[in-house]
Amino acid sequence: MIRMLHVFYGFECRLFQKVNRHFDSKLLNLFFRSITHLGGADITIAATFILIFVSTGEVRLTAIASALALAASHIPVHFVKRLFPRKRPYMKIEKTRTHENPIKDHSFPSGHTTAIFSVVTPYILFLPQLAYVLIPLGLCVGLSRIYLGLHYPSDVIAGGILGTLTGSLCFCLFFI
């Protein structure tokens, strides 16, 4: 079992480095430094509240489910980060490229990825055609966290799963 974990960690580090090595690209830096904020607290909270106040009917219920999912998803993120105090990749992997003054809390799971998936999942369930836009958006936020040297791929995957589950449960509270 320990050997399998070491093999997985080695694979994950190589995958991380393949994404992070493009950090010198000005165009990718602009894209990923911008898109990563879509999973941050300021944008996700503002977007959910704006959608609650400007929408009506079932769209408003979906916006409320989205806001509830955002709030609820951060509870397990907080506890999992304490249970699994994993150092961020830029702290462990030599030659990791990151921006100045990167965040220093634990990396597992990715809070930005959890947030974006918890917010978009109710909308995807309400109107499945939105999946063509919202899933790639969530994936780009997750990829940005790896690109910026802040998360391992498994941090992002765990965040995506956690956000999707929370978003699905909150959607079900209102529509099932």
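Structure: above.
A brief structural summary. (Residues numbered from 1 in each chain as written. Predicted model: local features only at pLDDT ≥ 70, side-chain atom pairs only at ≥ 80, totals over all residues. Heavy atoms only, no water.)

**A short note on the overall build of the protein**
Summing up its helical and strand segments, the protein has eight helices and zero strands in all. With respect to the principal axes defined by its C-alpha atoms, the protein has extents near 50 × 40 × 25 Å. Counting all 176 residues of the protein, 43% fall into the buried class. For the protein, contacts bridging at least 24 residues in sequence account for 79% of all contacts bridging at least 6. Accessible surface computed for the protein: about 10,200 Å², of which carbon and sulfur atoms make up 72%. Across the protein, the centroid of the 17 positively charged side chains sits 6 Å from that of the 8 negatively charged ones. (Helix = DSSP H or I, 4+ residues; strand = E, 2+ residues; numbered from the N terminus. Buried < 20%, exposed > 50% of the residue type's maximum accessible area, 1.4 Å probe, protein only. Contact = heavy atoms within 4.5 Å. Areas by Shrake-Rupley, 256 points an atom, 1.4 Å probe, with all protein chains shown as cover. Lys, Arg positive; Asp, Glu negative; His and termini not counted. Charge placed at Lys NZ, Arg CZ, Asp CG, Glu CD.)

**Quick notes on the packing of helix 4 (residues 57–83) against helix 6 (residues 111–126)**
Contact geometry of helix 4 with helix 6 gives a least axis separation of 8 Å together with a crossing angle of 155°. In this view, helix 4 runs roughly antiparallel relative to helix 6, as classed from their interaxial angle. Seen from above, helix 4 lies across helix 6 with right-handed handedness. Taking contact as the criterion, the partners of Glu58, Val59, Thr62, Ala63, Ala65, Ser66, Ala69, Leu70, Ser73, His74 and Val77 in helix 4 are, on helix 6, Gly111, Thr114, Ala115, Ser118, Val119, Pro122, Tyr123 and Phe126. In the contact of helix 4 with helix 6, the residues fall into eleven nonpolar, seven polar and one charged. (Axes fitted to C-alpha atoms, helices over the stretch in contact; angles between N-to-C directions. Parallel < 35°, antiparallel > 145°, perpendicular 65-115°, else oblique. Left-handed = near helix turned anticlockwise from the far one by under 90°. Nonpolar A, V, L, I, M, F, W, Y, C, P; charged D, E, K, R; others polar.)

**Overview of the packing of aromatic side chains**
Tallied over the entire structure, the rule returns nine aromatic pairs. Geometrically, the ring pair formed by Phe32 and Tyr147 is tilted, given 4.6 Å between the ring centres and 35° between the ring planes. Note that Phe32 is positioned in helix 2 (residues 26–35) and Tyr147 in helix 7 (residues 131–147), a separation of 115 residues in sequence. The class of Tyr147 is buried, set by a relative accessible area of 1%. Grouping aromatic residues by their ring pairs yields a cluster made of Phe23, Phe31, Phe32 and Tyr147. A cation over a ring is seen here: Arg86 above Tyr152, with NZ or CZ 3.9 Å from the ring centre. (Phe/Tyr/Trp six-rings, centres within 6.5 Å; stacked < 30°, edge-to-face > 60°. Lys NZ or Arg CZ within 6 Å of the ring centre and 35° of its normal.)

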